[in-house]
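Okay, here's what each chain looks like letter by letter:
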Amino acid sequence: MVQKLLFLIFTGIFTALLSQDGYNDFYKLREKYENFSENDQKAFPLLQPYIDKAKREKNYEKLVQGYKDAVYFAFLSEDKLKYADSMIWAANQSRSEDLRIISHIDKGVVYYYHYKKYQLALNEYLEAYKYSKNTKNEYLKYQNLYHIGVIKSYLGYYEDASELFMKCLVHYGEKTSTITKLHPNEIYNNKKGYLNSLYQMIICYRHLGNYKEADKAIETGFAEIGNNPEYELEKGYFLLSRGISEHRNNRFQLALKNLNESLPAIKSSRDFARLSVGYFYIGKSYASLKKTKESVAYFKKIDSIFRKHQFMLPELRENYEILIDYSKKENNQAQQLYYTNQLLKADSIMSKDFIYLSPKMHKDYDTNNLLEEKDKLQKINYLGTIIIIVLIVWAIGLVALLTRRHKKAKEIQQKYVLVEEKFTASQNPEKIEEPAPAILQLVEEKKFSLNENKVEELLQKLKAFEDKKEFTQKGLTISKLASQLGTNSNYLSQVINEYKKVNFNKYLSELRINYITNLLFEDRKYLKYNIETLARECGIASRQNFSDLFYEINGIRPTDFVKKRREELENNGNI
């Protein structure tokens with residue numbers, strides 16, 4: 001699907017870049033093969049004259065187009081990669097930055113789509129991004145941003161990826177809203193870009209737990225497609241997403257209906273990654289309906305895909321855990337051994353690319369569990385001794401990952417406990433002297449040059465300001481607060497410095513962060529809010545500024561704090 005989309009997109013781009021004389025000889029040669037289907041080797045006898053002509057004339061711009069077509073029509077993945085390298089060489093000879101962008105994007109697509117080599121694909125997209133900074137071709141810029149977003153999503157950086165996809169959605173959305181001014185090919189390409197960006201946003205929403213937005217995006221996708229047969233693959237992806245949503249909501253029959261309807265288009269596109277996801281949720285739906293035989297059949301299909309492509313998404317790791325448990329119940333030790341070995345192999349492969357996600361994937365089957373199971377199987381299996389050695393090598397890597405994760409979790413827990421103790425202390429304050437005498441005493445000790453009565457009056461106003469939570473005002477500055485309190489900013493700054501022991505910015509930050517922290521402790525509804533909403537609730541405009549201030553004051557990031565608070569309530573049976 002990605003290859004086909006890029007082929008259609010850049011056909012138009014190359015026409016503008018390379019064909020100055022209109023219907024020229026190269027265009028005539030291309031006409032003979034351009035309507036062949038993707039991966040159709042029969043196009044090559046007609047394509048080769050185009051490449052040969054470009055080589056003879058040292059016309060590197062057209063040679064890029066020829067190699068690009070070869071990538072599209074080649075059947076074998078290794079041939080696609082070979083032609084992609086030739087494409088980059090020709091683009092470098094042409095000295096055209098736009099052609100360099102296109103060639104690196106194409107090579108990245110081969111790595112990502114046909115090999116699932118995410119780090120290598122990302123390197124190509126970043127190389128394209130380097131050239132795209134000065135290009136005037138907006139389409140190339142957003143096409144490359146989309147692909148970088150896809151890689152970030154697969155590596156687990158869902159928030160970063162969603163920001164890139166949102167930029168793409170805005171760009172493609174603006175283009176599709178002015179379709180009367182565009183060529184039909186441009187309409188098609190921008191619509192494709194919009195639908196694919198929307199689908200990738202759904203994946204990010206799902207992994208971030210933002211299910212409401214994911215469901216809304218799914219319905220938007222169906223509304224955009226309607227009954228248009230040109231977008232059958234995109235419709236398949238939205239059916240897959242809707243099936244996953246139905247499964248999450250325990251509507252298993254509806255989940256099976258949508259998931260099965262999604263399979264033909266996904267199979268046709270050779271997208272084995274999303275095909276595995278479809279099989280997984282079909283298997284889970286059958287399992288929830290107590291149809292074990294049917295569910296296991298689909299889980300085994302995922303293993304077949306893994307054996308062929310040596311690839312597995314982290315969310316499918318559970319597939320092998322299920323098959324191992326099933327083998328135990330069937331008392332099939334040889335099968336249990338096989339699936340245990342496959343699980344460890346999948347972990348090893350995932351840990352290379354999914355640096356961000358892999359530490360989170362080890363749940364029920366930790367290293368010790370796997371070693372113990374392997375040790376038991378060794379006693380009854382002829383190859384047990386050899387396998388246990390291999391297992392230990394894998395286990396060392398897993399132990400290192402788990403150790404780092406445990407250390408980080410322990411640090412977060414300690415910081416959370418400190419915040420909790422601070423909150424408890426604030427709920428049970430010790431008895432203090434009346435404010436007025438305390439103020440007078442401080443004034444006397446400091447021998448403050450300002451009028452004592454005015455200082456006391458201003459401190460009382462600050463107390464009212466704090467009690468009424470007026471510090472949650474957005475855009476509050478010391479000048480604005482001074483005006484509200486009937487004084488000037490210099491006087492207010494001096495009083496805050498002397499009596500609050502901090503400057504104005506620190507004073508305001510502590511009020512806001514302590515306020516939102518108390519809300520997170522007292523009212524569980526705030527645990528459902530995202531970071532942006534929490535920031536706005538306490539008057540902080542920037543998400544990053546809120547996160548940094550929360551960490552500075554509480555010693556823990558707000559995302560980690562919310563996670564620990566939810567865990568605490570769940571353990572106490574309050575959620």
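**A look at the overall build of the chain**
- The secondary structure content of the chain amounts to 27 helices and zero strands.
- In the chain, buried positions account for 50% of the 575 residues.
- If you take every contact in the chain between residues at least 6 apart in sequence, the share linking residues at least 24 apart comes to 64%.

**Section: the side chain of Gln 200**
- Relative to the assigned elements, Gln 200 resides in helix α10 (residues 184-207).
- The residues contacting Gln 200, other than those within four sequence positions of it, are Tyr 146, Val 150, Ser 153 and Phe 165.

**A word on the nonpolar core**
- In terms of nonpolar packing, the biggest core is built from 109 residues, with Tyr 112, Tyr 125, Ile 151 and Phe 238 touching the most fellow members.
- Discounting chain neighbours no more than four positions away, the residues touching Phe 238 are Leu 195, Leu 198, Tyr 199, Ile 202, Ala 217, Ile 218, Gly 221, Phe 222 and Ile 225.
- Grouped together as the second largest cluster of nonpolar side chains are 45 residues, Leu 492, Tyr 499, Cys 538 and Ile 556 included.

**What about the packing of helix α8 (residues 138-155) against α10?**
- The N-to-C vectors of α8 and α10 enclose an angle of 25°; their axes lie 11 Å apart at closest approach. If you check the angle between α8 and α10, you find them roughly parallel. Between α8 and α10 lies a crossing whose hand is left-handed. Every residue of α10 that contacts α8 at Tyr 139, Tyr 146, Val 150 and Ser 153 is listed here: Asn 189, Asn 190, Asn 196, Ser 197, Gln 200, Ile 203 and Cys 204.

**A few points about unusual backbone geometry**
- Although it is not a glycine, Asn 250 adopts a positive phi angle of roughly 65°.
- With respect to the secondary-structure elements, Asn 250 resides in the loop between α12 (232-248) and α13 (252-268).
- Even without being a glycine, Lys 469 presents a positive backbone phi close to 60°.
- With respect to the helices and strands, Lys 469 occurs in the loop between α21 (452-467) and α22 (478-485).
- Judged by relative accessible area, Lys 469 falls into the partly exposed class, the value being 38%.

**Points about the pattern of salt bridges**
- This model, assessed by the stated rule, comprises 30 salt bridges.
- Lys 42 is paired through a salt bridge with Asp 40; the nearest N and O atoms lie 3.3 Å apart.
- The salt bridge partner of Arg 317 is Asp 347, with a shortest N-O separation of 2.7 Å. One end of the pair, Arg 317, is in the loop between α15 (292-309) and α16 (318-329); the other, Asp 347, is in helix α17 (residues 333-353), with 30 residues separating them in the sequence.
- Classification of Arg 317 by relative accessible area gives buried; the value is 2%.

**Considering the environment of Gln 41**
- With respect to the secondary-structure elements, Gln 41 resides in the loop between α2 (25-31) and α3 (44-56).
- Separated by 35 residues in the primary sequence, Gln 41 and Leu 76 place their C-alpha atoms 9.4 Å from one another.
- Those residues in contact with Gln 41 that sit more than four places away from it in its chain are Phe 73, Ala 74 and Phe 75.

**Focus: the packing of α12 against α13**
- Across the interface, α12 lies against α13 with an axial gap of 7 Å and an inter-helix angle of 155°. As the angle between them shows, α12 and α13 are arranged roughly antiparallel. The way α12 lies across α13 gives a crossing that is left-handed. Taking contact as the criterion, the partners of Glu 232, Leu 233, Gly 236, Tyr 237, Leu 239, Leu 240, Arg 242, Gly 243, Ile 244, Glu 246 and His 247 in α12 are, on α13, Phe 252, Leu 254, Ala 255, Asn 258, Leu 259, Glu 261, Ser 262, Ala 265 and Ile 266.

**Focus on the confidence of the model for the chain**
- Looking at the chain, pLDDT values average 84 and 83% of them are 70 or higher.
- Within the model, the stretch residues 15-23 combines pLDDT values under 50 with 10 contacts to residues more than four positions away or in other chains.
- The model gives residues 431-448 a pLDDT under 50, and that stretch makes 20 contacts with residues more than four places away or in other chains.

**Comments concerning the packing of aromatic side chains**
- The tally for this structure, following the rule as stated, stands at 30 aromatic pairs.
- Consider the rings of Phe 465 and Phe 471, whose centres lie 6.2 Å apart with planes at 75°: the pair is edge-to-face. Each member of the pair Phe 465 and Phe 471 is classed as buried.
- By way of ring pairs, the aromatic residues Phe 26, Tyr 33, Tyr 50, Tyr 72 and Phe 73 are connected into one cluster.
- Over the face of the ring belonging to Tyr 83 we find Lys 82, whose NZ or CZ atom lies 4.9 Å from the ring centre.

**With respect to the side chain of Lys 564**
- By the element assignment, Lys 564 lies in helix α27 (residues 558-571).
- If we ignore the near neighbours within four places in the chain, the residues touching Lys 564 are Ile 412, Gln 413 and Tyr 416.

**Brief notes about α13**
- The terminal C-alpha atoms of α13 lie 25 Å apart, and with 17 residues this matches the ideal 24 Å at 1.5 Å per residue to within 8%.
- Of all the bends in α13, the greatest reaches close to 25° and is centred on Ser 262; the proline Pro 264 follows between one and four positions later.
- Of the residues making up α13, those classed as buried are Phe 252, Ala 255, Leu 256, Asn 258, Leu 259, Ser 262, Leu 263, Ala 265 and Ile 266.
- As for α13, its buried residues are in contact with α12 and α14 (272-288).
- The first or second residue beyond α13 is Arg 270, which carries a positive phi of 65°.

**Here we look at the environment of Lys 300**
- Within the secondary structure, Lys 300 is located in helix α15.
- Lys 300 gets classed as partly exposed once you look at its relative accessible area, which sits at 31%.
- With 23 residues separating them in the primary sequence, Lys 300 and Leu 323 have C-alpha atoms 8.0 Å apart.
- Here Lys 300 is in contact with Leu 323, Gln 335 and Tyr 339, once residues within four sequence places are set aside.

Reading the values: rules and limits
- Residues numbered from 1 in each chain as written.
- Predicted model: local features only at pLDDT ≥ 70, side-chain atom pairs only at ≥ 80, totals over all residues.
- Heavy atoms only, no water.
- Helix = DSSP H or I, 4+ residues; strand = E, 2+ residues; numbered from the N terminus.
- Buried < 20%, exposed > 50% of the residue type's maximum accessible area, 1.4 Å probe, protein only.
- Contact = heavy atoms within 4.5 Å.
- Core = buried A, V, L, I, M, F, W, Y, C linked by side-chain atoms within 4.5 Å.
- Axes fitted to C-alpha atoms, helices over the stretch in contact; angles between N-to-C directions.
- Parallel < 35°, antiparallel > 145°, perpendicular 65-115°, else oblique.
- Left-handed = near helix turned anticlockwise from the far one by under 90°.
- Salt bridge = Lys/Arg side-chain N within 4 Å of Asp/Glu carboxyl O.
- pLDDT = per-residue confidence, 0-100.
- Phe/Tyr/Trp six-rings, centres within 6.5 Å; stacked < 30°, edge-to-face > 60°.
- Lys NZ or Arg CZ within 6 Å of the ring centre and 35° of its normal.
- Expected span 1.5 Å × (residues − 1).
- Bend = angle between axes of the 7 residues up to and from the residue.

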